[in-house]
Amino acid sequence: MDNLNQLCIHTITTKPWAIETAVQKYAEAGVKGISVWRDTLENRNIQRTGEFIRSHGLEVVSLVRGGFFAHTSALKRDASLSDNLKAIDEAAALGAPMVVLVCGADPGQTLEASREQIRTGIEAILPHAEACKVKLAIEPLHPMYAADRSAITTLAQANDLAEAIRSPWLGVAADVYHLWWDPGLEQEIRRCGANGHLFAYHICDWNVPTIDMLNDRGLMGEGCIRLKQIRQWVKEAGFSGYHEVEIFSNRLWAQDQDIFLQNIINAYLNHS
Ligand code: ZN
């Protein structure tokens, strides 16, 4: 199944499955990559879990997620730095080449202040990431999350930040769910490709109507995102990495996950 060579699935997508089950099912279905959410590693030996994944012929694409740098409280900012250093250690133990960053925001301060703390936070953890040979990917989120999840809401802002810090260990994760609406998307994808810092590409769909801000993402083809157009831009920007299916959906988690996995593969082949 060569046409699945770039298919990666995030463990959160099949949340009802323990990581061991997800690994076995993905491998049987011909999926090649897995992005591991940190909650699935609880009570596990992380290094052995990495070996288990590779022994099934799967590649670990990323560890999800670090970030949440922005807080009005200095104590919370310090705690977030510790947690990010821990995430980098976990990625190294797992054999994940990258940690995805959801950068955070605090409604008690301006977005500019949050972005300044994000920059300071990333600069503080970058030396450890480099020492561990783990890349960091800034993931801009849709503006509906600007209050408390991410003060970075466009690919332009993520590109600005990556260019300001400028390190081969820092790049961006482009997620269609967060970015599809942006009139500057094509240009910004080209910009981050030219800088060599397009590190990850996440796919799903935008349901119309969306009934939950967090847990109502669609399977590719269900919504209104022009996935094939964005895929083309990403390809033209020189990106040849995995297409990572990342779906949070109460509706889809309630389905039979074996059937859902087949639907993911069909949707990937036909609609993305
Ligand atoms: Zn994502």
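The structure presented is a predicted model; accordingly, all values stated were derived computationally and were not measured.

> Would you mind going over the packing of helix α3 (residues 74-94) against helix α4 (residues 111-132) with me for this structure?
In the contact formed by α3 and α4, the axes pass within 10 Å of each other and the chain directions differ by 30°. By the angle between their axes, α3 is roughly parallel relative to α4. Note on packing geometry: the crossing formed by α3 with α4 is right-handed. In this structure, α3 contributes Arg 77, Leu 81, Asn 84, Leu 85, Ile 88, Asp 89 and Ala 92 to the contact, and α4 contributes Gln 117, Gly 121, Ala 124, Ile 125, His 128, Ala 129 and Cys 132. By residue class, the composition of the contact of α3 with α4 is eight nonpolar, four polar and two charged.

> Any chance you could explain the sheet that holds strand β5 (residues 135-138) here in plain terms?
Strand pairing in a sheet is mediated by backbone hydrogen bonds. Such pairs are either parallel or antiparallel. Overall, parallel pairing links the eight strands, which are arranged β1-β2-β3-β4-β5-β6-β7-β10 in a closed barrel. Pairs of neighbouring strands in the sheet enclose a mean axial angle of 30°, with direction left out of account. As defined by bridge partners, β5 adjoins strand β6 (residues 170-175) across three bridges and the pair is classed as parallel. Considered in β6, the bridge of Leu 136 is made with Leu 170. On top of the sheet, helix α5 (residues 155-165) reaches β5 and β6; it is set at about 170° to β6, its chief contact.

> Please clarify how the coordination of the zinc ion should be interpreted in this entry.
Metal coordination angles have textbook ideals: 109.5 degrees for a tetrahedral set of four donors and 90 or 180 degrees for an octahedral set of six. For the zinc ion, every protein donor is listed as Glu 139 (OE), Asp 175 (OD), His 202 (ND1) and Glu 246 (OE), and the spread of their distances is 2.0 to 2.2 Å. Each of the four donor atoms bound to the zinc ion contributes to angles spanning 84 to 155°, and the resulting shape is irregular. Mapping the donors of the zinc ion onto the primary sequence yields the spacing E-x35-D-x26-H-x43-E. Separated by 44 residues along the polypeptide, His 202 in strand β7 (residues 198-203) and Glu 246 in the loop between β10 (243-245) and α9 (250-253) bring together distant segments of the chain. Glu 246 shares its class with His 202; the two are buried.

> Would you take a moment to explain α3 for this structure?
Given 3.6 residues per turn, any residue in an α-helix points the same way as the ones three and four places further on. Helix length check: α3, at 21 residues, gives a terminal C-alpha distance of 30 Å against a target of 30 Å (1.5 Å per residue), a fit within 8%. Positive phi appears at Gly 95, one or two residues downstream of α3, with a value of about 85°.

Criteria and thresholds
Per-chain numbering applies: the sequence of each chain, read as written, is numbered from 1 onward. The predicted origin of the model limits local features to residues at a pLDDT of at least 70 and limits the giving and counting of side-chain atom pairs to 80 or more, whereas totals for whole chains, interfaces and linings rest on all residues. Calculated side-chain values reflect all of the structure's heavy atoms, with hydrogen atoms and water omitted. Throughout, an axis means a line fitted to C-alpha atoms (over the contacting stretch in the case of helices), and angles, computed between N-to-C directions, take values from 0 to 180 degrees. In this description a helix means any DSSP run of H or I spanning at least four residues, a strand means any run of E spanning at least two, and both kinds are numbered starting from the N terminus. Put simply, angles under 35 degrees are roughly parallel, angles over 145 are roughly antiparallel, angles from 65 to 115 are roughly perpendicular, and the rest are oblique. What makes a crossing left-handed is the near helix being turned counterclockwise from the far one by less than a right angle; a clockwise turn instead makes it right-handed. Only heavy atoms enter the contact rule, under which two residues are in contact if any of them lie within 4.5 Å. In this count, Pro and Cys sit with the nonpolar residues alongside Ala, Val, Leu, Ile, Met, Phe, Trp and Tyr, while Asp, Glu, Lys and Arg are called charged and the others, Gly among them, polar. Only when DSSP finds a minimum of two bridges between them are two strands counted as paired. For Na, K and Ca the donor cut-off is 3.2 Å, and for all other metals it is 2.8 Å, counting N, O and S atoms only; because water is absent from this set, sites may look incomplete. Site shape is set this way: if four donors have all angles between 85 and 135 degrees, tetrahedral; if opposite donors are over 155 degrees apart and all others between 65 and 115, square planar for four donors and octahedral for six; otherwise irregular. The buried label goes to any residue with under 20% of its type's maximum accessible area, the exposed label to any with over 50%, and the partly exposed label to all in between, with areas taken from a 1.4 Å probe on protein chains only. One fewer than the residue count of a helix, multiplied by 1.5 Å, yields its expected span.

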